[in-house]
Amino acid sequence: MYSEYSLVKKCLSLIEKKLGWGPSDSWHNDMFFELSERIQQETKVLLSSVTLKRVWGRIDYQSAPSITTLNTLSQFAGFENWRDFKSKVVAKKKSRISNMIRPNLGVIMLSASVMTIIFISFFSLKGPVENGTSVDLSKIVFESRPIAKGLPNSVVFNLDLEGIKSDSIHIQQYWDPTKTISLKPGQQQATGQYYFPGYFRAKLLVDGSPIKQHDLFIKTEGWLGTLDYRPIPKYIPSSKIHNGKVSFSSEVITEIASMEEPFSSTFHMVKDFEPISGDNFELRSTIKNTYRDKWAVCQKAYIIVLGTKGAMVVSFSIPGCISESYVMLNDIYFNGKEHDLSGLGVDLSQETDINLEVRNKNLSVFIGDQLAFSGGYNEDMGRIAGVRYRFLGAGEVSQSKLSDLQGQINIDFLEENTLLK
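Residues numbered from 1 in each chain as written. Predicted model: local features only at pLDDT ≥ 70, side-chain atom pairs only at ≥ 80, totals over all residues. Heavy atoms only, no water.

Asks: Where do I start with the pattern of salt bridges in this structure?
Replies: Two side chains carrying opposite charge are able to pair once their charged atoms lie near each other. By the definition in use, this model includes twelve salt bridges. Here Arg390 ties to Asp228 by a salt bridge, and the two come within 3.7 Å at their closest N and O atoms. You can see Arg390 sitting in strand β21 (residues 384-392) and its partner Asp228 sitting in the loop between β10 (224-227) and β11 (234-236), a full 162 residues away along the chain. Exposure remark for Arg390: the relative accessible area of 24% places this residue in the partly exposed category. With relative accessibility at 12%, the residue Asp228 sits in the buried group. The shortest N-O distance in the salt bridge between Glu396 and Lys245 comes to 3.3 Å. Separated by 151 residues along the polypeptide, Glu396 in strand β22 (residues 395-403) and Lys245 in the loop between α8 (238-241) and α9 (250-257) bring together distant segments of the chain. According to the relative accessible area criterion, Glu396 is buried, its value standing at 11%. With a relative accessible area of 32%, Lys245 lands in the partly exposed category. (Salt bridge = Lys/Arg side-chain N within 4 Å of Asp/Glu carboxyl O. Helix = DSSP H or I, 4+ residues; strand = E, 2+ residues; numbered from the N terminus. Buried < 20%, exposed > 50% of the residue type's maximum accessible area, 1.4 Å probe, protein only.)

Right, dumping it as structure tokens:
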């Protein structure tokens, strides 16, 4: 056990109490996926389901959690960070057991260190090899196919794991580690369930390292609207939301208004486009938040651009709620609590023109003619695979035009996706 093991267990116990899901030893895989998403929503930090299962002891892992993991778990449990958790939870008086252990702590730690070195030295010899012979990757089969068109969709993965004897084999999406499937040695097929469209790079991981990967494209048929219930959304087809603009009917707005807790809805357009680089493009949008009641006072809205190798998210709200906004540029994250994102504060009760312009991995956000935000990132986005418009409550989109920066490709998503050369 690492030195702060008992403190981590206390933090996990507080999280279990908060969730009310019962004893963690009875949690199934989907519950760790759900917890990963809950933590990301509250803390804006993604801890994969694999990381969570390691911390909860469902996967044999000897190392202590990273400080990022500890800070995030502490925040989810209701504390500022790990240091704040320790200062408030650690008792002032040491228990009688602690006093008994302390005189021998040096011996115990020395012994533990020696045993850890022996353990690591032994298991470092193990991995995706057998009898000291490396696996021939050319013989490993890792393929997939969607079963249906549209959403929801299941994907069948066909596998041949010849020569792999590891007990840590997983299928994981490229940039969304919450979509992880555990495999057994010799397993030949696995299925994954997808409730949202997107462009995913499925990866075959052995002992945490990718050995094979391929692209997986879950498309929409025109525009798709979702009421973002968890874990399964409600789908609104293109014929019910797209009529000159993209919006929900009064019946759907009434359903959203009946919610007692904050609720989001999303418009998706994910399909094959003319090739436009995610690092050099322009997306012109005109959006409006159409819901005012209850918890939607902040008029939060998000424009999401999906790439074949990553994604970017730009959030908007009224100026008084800008502290809760953020910008994610593929591998770079700007938090409204740590960065001045006041330029993204806007009244969306009226139609608002928003322009995202990316040049050589540098994003400029214009609201009307005013520069509202600029920032850069490092990792390649790939080509653009789709856009999403998400609203806290509900909203509408009356313009959505994507183009490259050379003026060679122009796509109007609201006019039957006509290509204008």
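Asks: What is the right way to read the sheet that holds β11 from this model?
Replies: In sheet architecture, strand pairing relies on hydrogen bonds along the backbone and comes in two forms, parallel and antiparallel. If you trace the eight strands from one edge of the open sheet to the other, you get β11-β10-β12-β21-β14-β15-β16-β17, paired in antiparallel fashion. Every other strand in the sheet has two partners, leaving β11 and β17 (332-335) as the edge strands with one partner each. This sheet shows a mean twist of 15 degrees between the axes of neighbouring strands, independent of strand direction. Alignment of strand β15 (residues 311-316) against strand β16 (residues 326-329), held across three bridges, turns out to be antiparallel. What sits directly across from Met312, in β16, is Leu329. The sheet contacts of α9 involve β10, β11 and β12 (264-270), and relative to β10 the element is tilted by about 25 degrees. (Pairing = 2+ DSSP bridges. Axes fitted to C-alpha atoms, helices over the stretch in contact; angles between N-to-C directions. Contact = heavy atoms within 4.5 Å.)

Asks: Before we go on, may I ask you to explain the state of the cysteines in this structure?
Replies: A covalent bond bridging the sulfur atoms of two cysteines is what the word disulfide describes. With the rule as written, the count across this model stands at one disulfide. The residue that forms a disulfide with Cys298 is Cys321, at a sulfur-sulfur distance of 1.9 Å. In this structure the cystine formed by Cys298 and Cys321 twists about its S-S bond by roughly -65 degrees; its chirality is therefore left-handed. Pair noted here: Cys298 is in the loop between β13 (280-289) and β14 (301-307) and Cys321 is in the loop between β15 and β16, with a separation of 23 residues, a long-range link. Comparing Cys298 with Cys321 shows no difference in burial state: the two are buried. (Disulfide = S-S within 2.5 Å.)

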